[in-house]
Structure formats: C-alpha cells, structure tokens
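# Observations on the model geometry
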2 protein chains.
Amino acid sequence: MSNERLIYLPLGGAGEIGMNAYVYGYGRPGKERLIVVDMGVAFPDMDGSPGVDLILPDIAWLAERRHQIEAVFITHAHEDHVGAVAHTYEALQAPVYARAFTSNIARRKMQEHGYPENAIRTVGAWPEVTTAGPFKVGFLPMSHSIPESSSLIIDSPEGRVIHTGDFKLDETPLVGEPFDPDLWAEVSRDGVKALICDSTNVFSPDPGRSEASVGPEITKLVKSAKGMVVATTFASNVARVKTLAEAGEAAGRSIVLMGRAMKRMVEAAVETGVLTGFPPVVSPEAAQDIQRENLMLLVTGSQGERRAASAQLARGKYQGMQLKEGDLFLFSSKTIPGNEKGVIRIINQFSELGVDVVDDSTGRYHVSGHANRPDLERLTAIVKPQVVIPMHGEHRHLREHVKLADANGMTGVLAVNGMMIDLSGNQPKVAEYVETGRTYLDGTVQIGALDGVVRDRIRMALNGHVLVTLIMDDEDQPLGEPWCEVMGLAETGRSRAPLVDVLEEDLSQWVNRAGRKIWRDDEKLNEGLRRAVRQTAQDEIGKKPEVTVVVSRLS
Amino acid sequence: MSNERLIYLPLGGAGEIGMNAYVYGYGRPGKERLIVVDMGVAFPDMDGSPGVDLILPDIAWLAERRHQIEAVFITHAHEDHVGAVAHTYEALQAPVYARAFTSNIARRKMQEHGYPENAIRTVGAWPEVTTAGPFKVGFLPMSHSIPESSSLIIDSPEGRVIHTGDFKLDETPLVGEPFDPDLWAEVSRDGVKALICDSTNVFSPDPGRSEASVGPEITKLVKSAKGMVVATTFASNVARVKTLAEAGEAAGRSIVLMGRAMKRMVEAAVETGVLTGFPPVVSPEAAQDIQRENLMLLVTGSQGERRAASAQLARGKYQGMQLKEGDLFLFSSKTIPGNEKGVIRIINQFSELGVDVVDDSTGRYHVSGHANRPDLERLTAIVKPQVVIPMHGEHRHLREHVKLADANGMTGVLAVNGMMIDLSGNQPKVAEYVETGRTYLDGTVQIGALDGVVRDRIRMALNGHVLVTLIMDDEDQPLGEPWCEVMGLAETGRSRAPLVDVLEEDLSQWVNRAGRKIWRDDEKLNEGLRRAVRQTAQDEIGKKPEVTVVVSRLS
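All figures in this text were calculated on a predicted structure; none of them were measured in a lab.

## A few points about the interface of chain B and chain A
With 59 residues of chain B at the interface, the matching set in chain A holds 59 residues. Carbon and sulfur atoms make up 63% of the area that chain B and chain A hide from each other, which totals about 5100 Å². Counting the contacts that link chain B with chain A gives eight salt bridges. Residue Asp45 of chain A pairs with Lys341 of chain B through a salt bridge whose shortest N-O separation is 2.5 Å.

## Regarding the confidence of the model for chain A
Mean pLDDT over chain A: 96, with 100% of residues reaching 70 or higher. Taken together, the chains of this predicted complex give a pTM of 0.95 and an interface ipTM of 0.95.

## Regarding the UniProt feature "domain: Metallo-beta-lactamase" (unreviewed entry) in chain A
UniProt annotation of "domain: Metallo-beta-lactamase" (unreviewed entry) refers to residues 18-218 of chain A when read in the numbering used here. Note that residues 18-218 of chain A is 19% helix and 27% strand, and that its end C-alpha atoms are spaced 29 Å apart.

## Re the pattern of salt bridges
Scanning the entire structure with this criterion turns up 62 salt bridges over all chains. Arg373 of chain B serves as the salt-bridge partner of Glu400 of chain B, at 3.0 Å between the closest nitrogen and oxygen. With a gap of 27 residues between them, Glu400 of chain B in helix H13 (residues 395-407) and Arg373 of chain B in helix H12 (residues 373-383) connect regions that are remote in the sequence. Taking relative accessible area as the criterion, Arg373 of chain B reaches 23% and is therefore assigned partly exposed. Residues participating in the shared-partner salt-bridge network are Arg108, Glu267 and Glu271 of chain A.

## Section: empty space enclosed by the protein
Residues and elements named next belong to chain A. For the structure shown, the criterion picks out nine cavities of 30 Å³ or more. Every residue lining the largest cavity is counted, 16 residues in all, and those nearest its centre are His144, Ile146, Pro147, Pro173 and Val175. By residue class, the composition of the lining of the largest cavity is seven nonpolar, six polar and three charged. There is about 100 Å³ of room inside the second largest cavity. Residues of the lining of the second largest cavity, tallied by class, amount to six nonpolar, six polar and three charged.

## Brief notes about unusual backbone geometry
A negative phi angle is the norm for most residues apart from glycine, just as the trans form is the norm for most peptide bonds. Residues and elements named next belong to chain A. Of the consecutive residues Trp126 and Pro127, the connecting peptide bond is found in the cis state with omega at 15 degrees. Within the secondary structure layout, Pro127 lies in the loop between strand S8 (120-122) and strand S9 (129-132). One non-glycine residue, Leu174, lies in positive phi territory at about 75 degrees. Following the sequence through the fold, Leu174 ends up in the loop between strand S12 (159-163) and helix H5 (181-188).

## Remarks on helix H14 (residues 453-463) of chain B
Residues of H14 of chain B that are buried include every one of Val453, Val454, Asp456, Arg457, Ile458, Met460 and Ala461 of chain B, and no others. Gly464 of chain B sits one or two residues past H14 of chain B and shows a positive phi near 75 degrees.

## Observations regarding the packing of helix H13 (residues 395-407) of chain A against helix H11 (residues 340-353) of chain B
At a minimum axis separation of 8 Å, H13 of chain A and H11 of chain B run at an interaxial angle of 45 degrees. Considering the angle they form, H13 of chain A stands oblique to H11 of chain B. From H13 of chain A, His395, Arg396 and Arg399 of chain A reach across to H11 of chain B, where they touch Ile344, Ile347, Asn348, Ser351 and Glu352 of chain B. For the contact of H13 of chain A with H11 of chain B, the class distribution of residues is two nonpolar, three polar and three charged.

## A word on the sheet that holds strand S26 (residues 465-472) of chain A
Residue and element names in this part refer to chain A. Strand order across the open sheet formed by three strands is S27-S26-S28, with mixed pairing between neighbours. Unpaired on one side and paired on the other, strand S27 (483-487) and strand S28 (546-553) mark the two borders of the sheet. Ignoring which end each strand starts from, the neighbouring axes of this sheet average 15 degrees apart. Pairing geometry for S26 and S27, over five bridges, is antiparallel. For Leu467, the partnering residue across the bridge sits in S27 and is Glu485. Helix-sheet contacts for helix H17 (residues 522-541) involve S26 and S28, and the interaxial angle to S28 is about 140 degrees.

## Things to note about the layout of surface pockets
Of the volumes computed, that of the second largest pocket is approximately 750 Å³. Surrounding the second largest pocket, 25 residues form its lining, His87, Thr444, Val445 and Gln446 of chain A together with Arg496 of chain B being those nearest its centre. Every element with two or more residues in the lining of the second largest pocket is listed here: strand S5 (54-57), helix H1 (60-64), helix H3 (89-92), strand S24 (438-442) and strand S25 (445-448) of chain A. Broken down by element, the lining of the second largest pocket gets its largest block of residues, four residues, from S25 of chain A. Considered class by class, the residues forming the lining of the second largest pocket number eleven nonpolar, nine polar and five charged.

Procedures and definitions
Residues numbered from 1 in each chain as written. Chains lettered and ligands numbered in written order. Predicted model: local features only at pLDDT ≥ 70, side-chain atom pairs only at ≥ 80, totals over all residues. Heavy atoms only, no water. Contact = heavy atoms within 4.5 Å. Buried area = accessible area lost by both parts, 1.4 Å probe. Salt bridge = Lys/Arg side-chain N within 4 Å of Asp/Glu carboxyl O. pLDDT = per-residue confidence, 0-100. UniProt positions renumbered as here; feature names shortened; annotations may be inferred. Helix = DSSP H or I, 4+ residues; strand = E, 2+ residues; numbered from the N terminus. Buried < 20%, exposed > 50% of the residue type's maximum accessible area, 1.4 Å probe, protein only. 1 Å grid on protein atoms, 1.4 Å probe; cavity = no way out; pocket = protein on both sides within 12 Å on 5 of 7 lines; lining within 4 Å. Points joined across faces, edges and corners; volume = space filled by probe spheres on them. Nonpolar A, V, L, I, M, F, W, Y, C, P; charged D, E, K, R; others polar. Axes fitted to C-alpha atoms, helices over the stretch in contact; angles between N-to-C directions. Parallel < 35°, antiparallel > 145°, perpendicular 65-115°, else oblique. Pairing = 2+ DSSP bridges.

Written out as structure tokens, the structure reads:
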C-alpha cells in the first residue's frame, strides 16, 4: 500500500469564485483512480471575455485521463457547481451522481444537449454511499441557499476527507435539511484527514444569519406596500422564493412567477418533493384581471441581467405587466461584485418610472448562503481535521482562511487551481503542478481562453478595425488603388476630410513609392500597408487601429 | 423686468454621477445671458464605451449660444467638474473662473492643449464676487475631499441662488477651509431662491464623519506594520495624502510619492499655499537605500486602474520598488461602483505576493467627501431656500432627495439633464426640454455617443468580424473565388474544417448560383455574401458575425 497515494487537485474554484471543479484520486502515482467533485461554470463579462457565452474549467488534464475517472459528484445545483456538467460530459464519459433536486436540474441540462436521461444518477443522503473505485462517497446534508446542498464524505484507504461544498450553518433553513452539528460530530469522530472547505465569506466577521430571519421583515415590507410589489432573488434560492410568496399571500396578494429560471426552479423543487406548501400562483395573463395592489410578482434578474424579467420590467412592459408610480421593487439579494452597474441601471430606470426600490443595504431582506468567519471556525472545531484546505474563493479568501486555520492551531494548506496535493501520510505536500485554465463556450464551440480569439475581439473594440484591399495584376503591378473599409472609427479627424479618403490617399502614395520589389512580396506589402494605415490613423484621429490587409493577385 | 427670467439647465451630472455641467441664465427667453458652472468628464468602460478615452457632456446647446455666455465657473478641481474645461474651451470661448488651487489644475490642462495661461482667471473666496453679465458670482468656501472646494453664490435680478457644488459638512477638514455654519446662515439671511444641491450620498443615513477622524486609525495601523507600507487614496484628496504621510512620518518612515497624479496634486497644493507642513519626501531612487520597514509609499490607483502605480506594484516591480511577504497595502478609499473587479484583481495579486491588504470595509480608514442625508437636512435648514433642486446624482438620488426636501416641508424639484427650469416668480416650472447627451473623446477626436462608432466596436467584440473580398471582371463575372478573413472567431466549428475554408466554400457556391443579374448588382452581391457568411457561421460555430464585404470591379 505504501506506493499508493491520496491526491486532491482543484481545476477550478480555488483562486476564483465560480467554475468549481475538484479532483480526488487514489492509487499509484500517475495511475490514481479519480473522482470529480462539481463541474461548474463562470460567467463572462465585456471586460475580459466579450461575446463569450459561458466560461468552463479547462479539463484537458482530466480528459487525457478519462479512463481513470470513476464518477462525477455534484454537491448542489448552483450553476458554478453544475453548469458545465453537460458541456464536459462527452470529454469525461463518467457517470454523474447527485441528490434528487440537483439531479433534476442536471438532467434538464443533459436533455438540452441530447444526452440520455440516465447520464445522471440520483442517490440518497448519508448514510447512503456510492462506491467509486477505491472511494466511497456519501452526500451529507448541509444548509446553503439551494435545496439539498450537500457536503461529501469521501472515504479512501488513506482515510476520510470531507469536502464541504458551499455551505452555511443554518439550523432553520426553511427548505431543505438544517445543519446538524450532532451528525457532523458523529461523522468526524473517527478522525478526518482533511476538510476541504468553502472560503468565500472568510472576511465576514459576524456569525451568519438564518434564512428564517428574513421572513418577518419581508412580510412587514410587503404588507406596508400600496401598489404592486415585485421582488427578485436568485431563482435557485427556493426557500427565499417561498418566503417571498408567503409574504405576498399573507398580504392578500396573488403570486405571479416571471422569468424562465424562476419557474424552472420552483418546478424542480416541487417535482422532487423538497418544496411543499408553496402558495398558489397565477399566470401573467390571469394577473391582468387582478388589481395591482393585490399582486406580487416574483421575478428573475437580481443581478441586473439585461434579458431577465427585472430588467425588462425596468425598461417597460413584460408579459403584459408594467410598473408605475407607487409600486415597490424589492431586491431580496446581494449584488455580486462586477454586477453593480447593471443593478444600478435598473434601479434608476425604476426611479424614472416612480417605482420605489428597496435593496439589501439595510441587511433586512437578504442573508448570505455562505459560512462567515465564526461559522468556519465552528465547523472546523466540530470536525477537527488534520488539515484544512480552503477552496471556492479568490486567492485573498484562501490565504485568509489558511491564516484563520493556523491561528486556531490547525494546519492550513493553500492550494490554488492546478496544485496537486498529496494527502497521504502525516504531512500534506505539493505533488505536482498541473496546467489549468479556462475554456470559453462561444456560440456552440469551445475555445481556449488563450487562443487569441477573444484578444482579437478586445483589440477591435478598443482600436477599431480597418480593412485594406489591393489588387495586383498578373505582372505584379497594382491594379487600381488600395481600398479601405473602416469599422468602429471616427469618420473624420484632424484634416476634416473623411478618414477613409485620407487613408486611401496615403496608401496609394505608399504603394506607388513601394516599387516592384515590394509589389512582388505579399508579406512586405501587407506589413507596409498595415503600417501606413496605423501611421495615418494616428495622425488623423490619434488611434492605431487593428488592420487586416487582403492583397489579391490576378496572376 | 417681467419679461425676463432666471433659468437653470443641467447639461450633465443630473441623472448620473460624473460629467457635471450646469447652466444658469438671466434675460428674455432665448436671449438669456448665460453662465456655466463646472465642465467635467465621466470615465468610459468596456461595457458601454470601449476604446473611448473620456466622456464629455454634449455642449451643442451651449456652443450654439456661445455669444450669450459670460463665463464658466469651476467649483473644484475633481475631474468630473473640471476635466472637460480644456476640451470645450474652443467651443465655448468664455473666460474660466476658479480659486487658486482649482485654477492651478485647470491651467495645467489648458497648457497641455496649447491654450494661453490667462484662459483661467483666479479669483478669491467670498465676499469677493465676479460680475458676469447680469450675475454676480461668489465662491463660498465649502468642505469636500479636495482643497478649496466652493459653493457658488449666484446673485441675479431675480434673487440669490446657491449652487453647492460637491460638499460635506466638515468642521475639521485638515486641509482647506472648514464648513462654517455661521457664514452660511449669514449669506442665506436675506432669502435664497433655490439651493441647487449635491445628492450623491442621500441614501447614507448617518451624519458624515470628519476627515480628522481617520488620522488616528491610520497612524495606529502604520505603526503596527512590520514591512513596507503602501497606501493609496484619491490623489486629489490632499488632506488624506497629508494624513497618510504624517502617519508614515510618525512611524519613522520615509515618504515616497508614486504616480503622476499623486505628485501633480501635492505640487499644486504646495504651489498655491493650501498645503503646508507636508513631511519631506524621498524619490523612488533614494528609497532603494532605505530599509523597507522604514518606507511608506503613497501611490495612485485606488480604483484598481491598470496603469496606475498600485496595479503596477501588484503585477511586480514599479520604479524599482517591489512588494513582498509581510508588507502592507492600505486602500484609504472607497471603490466606486463599476471598479470592483479591478480593485479585487489587485487585492488578489497582492495576496499572491503575500502582502496583507487592508481596505475600508471596517470604515476606519476612509470617510466620504459628500454630505449624507442628515447633513443635507442640516444645510437645507440653515439656508431655508424656497426650493431645493437636487443635482449631481443618478435619478434615484435626485428622486430621493426631492422626497427628502418634501418631507421636510420644502419644495423639491426633480430636474434631470436637459430640463430647463424657470426659477422666476414664486413657483419653479419646466420651461423647455433641451437635447443633451454625451460626447466621446476618442483618441484625439470628439465623436457623438450615438454616432454608431462605439456601437460597431461593441458588435465586433461580441460577434467577431468577417471580411469578404470578391473580384468581378470587366464582364461582371466573378474572377476567382470569394476570399475570407476572420477576426475574433473560433478557428473551427461543427464540421471540424477550418471556418475560413467552410465559409469560402459556401460563398463560392452562393456566388456561382447567384447568376448574372446579381453579379451586376453591388448591393445584392453585398447583401447575399453577408447573409451567406452569417448563415454558415451560425451553422458552424453558433454565432452571427459582423460582416464587411468588398466587391472590386475591374471594369
């Protein structure tokens, strides 16, 4: 046995928030049998990934070892944990295990891609375990902001590891199982080799608040409202959606669900039995006949997403509904860093309509789904692991979490994406550095983040794009003048003549001066025309555009 | 006199934060003599204005009336109040008045554009007044987060209006004049027609804290630090820069200023006498010989700007200085919405270097420069204006500020950019709607925000760009095949053949099928080729790119 080892390798989520993908392995070095925990996505933005549809972890390392993979386990149904499961299914070709609610969501994704239903295997909660090669894996119920979130108990010949997944310590989560400290003490009793632990809220100094604490405040707010009430939250936070609906019901309002994700999540939660007693809902059509003061809409778009229901309502009519002076819009959510501008945009649009907007700046209408600093300490004190390995967090979170573990007399290990940790023996050590990164889903194609495709897009967006065409006759002489097309540049500059005319004039002069030797040389012609465009544009408009040159030879 | 009127017209800053530009006028309708208050910029971003250098208010309305303009008054030297003064100088051709520090900054901008020194006229504080046509304008000292910020007392035959500029109520601002409630009571005693009032912090419920409150906390932090200390703040917050420097000095550290803006602002403050007693500084070169635990760097880049000193230090060496494990980086600043990702990026980079980062999440190391809700109420209670017109704020701020005024028994008027308010008589009323908007400084050229230039850039960034060239011979027959160049698109798609090859094949087939009638018709050829590209790209890679077609005819 001494030749075998237990490894942990984050491929996504360690050094960033989003795109979770972790690997555990057991066996002889290079021959380990592998399991994968979570397969999530991250979301693109205009700054770094314009035009991209989704960001996936680069799983090249896993794909090369697909025959070593026993299974994929999904802790919960948030997109940053399950979102890539269908996109990577062909490359990994491994069975995917999850609990019922998560399975329901994952299965919908598989169906969209035309994969078979049974690609996803539904398993029960701990003490049920799934054998996957040398591993036995159990789903230990854990509270978070989505139903049936679970920590994974991962047993191997080297001992027990617990992978928390995302979590908070909520003993009254309203929907789904509460955090059960006794159960956690029990599973930890015989010793836990490593706690691989959510880190995102390590900088939040106060104990986290329960999901149950927001209901009374929301109910009070909805009861005091005079016009229509519209509330948004993360659709996957089924407990919150229920709390909002119940607040509406208590105020005598009919509930309308708007936005695809909102309907899908409630449907999945009802189908799988995790959600019961949800107030009756009416359709947007039926809502037309109800007085606005008797309506409460629950809508998607808590992050200001342009195509979600909230943004569409902010711009005007959506599914026949329209907000006006005296209505109330509630963000029962926090704004994820990077989304501030989108959220502020719709708040201002509502302001223009005379709609009162209430957000979570008071802390009354939202609680986080992640464990705060004292919660991390509490869980660690229960589990008493040999080592704490922070995961799911930016570098600053992981580093702070390691410091916290160390301060509490534990051993913290900072492992970022690509760092393979050997957990065998008494002291964890870095076994290897694996190349990791991001893959972009762009339209229907997966491209590498470093392929240069997106870099070219960013360059065109920053600098504009000039196209030059030149025809050379069969004696390698210019036939006519060079021709320019311009996209994304000012029409006129310093000389006040059209930029295209100035460019064509300068290019024409350059071509005439260039002479026969350059005329024969595609590369030199290209480079010369490119330089001439950039020089003239710099003089005229103070910018050096991207340039594409097409030289057509009739010979 | 009854034919004459007093008007207020915001052209920028009312309905947004940034880009302040306000107009006051007095005279017969359409013949008013005008003064302009502030001429600021806003900053572009990748989402909405990629490649743009600066955003200026659209001053077409003013430029058309340049002969009616008496003067421009600048309240203070923040970029969103003074940044456009040189860019609009030629169009307005009006004298610019400001106090010494603001003048110093404005004059540097003028010099960069080659305008004469005397374009900017330095004036003293109230009770000194400048006569500008029917107006008399005085600069009433007011505390803010930059030296010599002033409110404007604007007297006209219709009475007194006070334009607050940006302000906070700080009786111990450390640099510059404190807020003087007695002086404010005195200037308000004979009645104030309208208070045009900063709104940005109307949602902040607690009274603002004084600049003097951060010094002790910063000093404590710096004294406790072991390695090098680096602090960033807004360079224009000269009081803060001084506080930071004094904290360094008290801890026995030599002070180094890094970043152009940091040096420029301190220089301007010393030149104009508003800053005295600044601790001695050493150059980055001299700092090489000083132990790191005896150094404190004050650097630009509190908003995570990629080219500022902080970001460069986060990426590695800057001017010979390099941070390492055990050093401390302090953000003595808040992150402006939209800049979160950039700030978080450098925090994580510092984390990777082992540098401890302290930000303002505790509220100990930064105070805002704007009046909070109770401060707005306090000032309004002193001035007792007939009407309150909120300015400098997004729509939500202006609307809330109007509500606040109304709740306090005042008349609040919501006036957004382009809304001309007639302040004559007893009841303010909307006189006219003026077209306003944004002008982009792009390279060296000013372009309209709606010209389509930036729209094209965004489209290329989202969709990629395909160029098609086709040569038609002198009998209107295709000469050779269509040629494609692709930028910002995946190299291969569904068929696994190079995208360019698939496109060229499909285009070639389309051209052959098109026939003589279409071959003769440039427009139809163009449109057909464009459609074929988009169709094929959609099939291959699931995206419809931007397409530019160049058909060259040899005839």
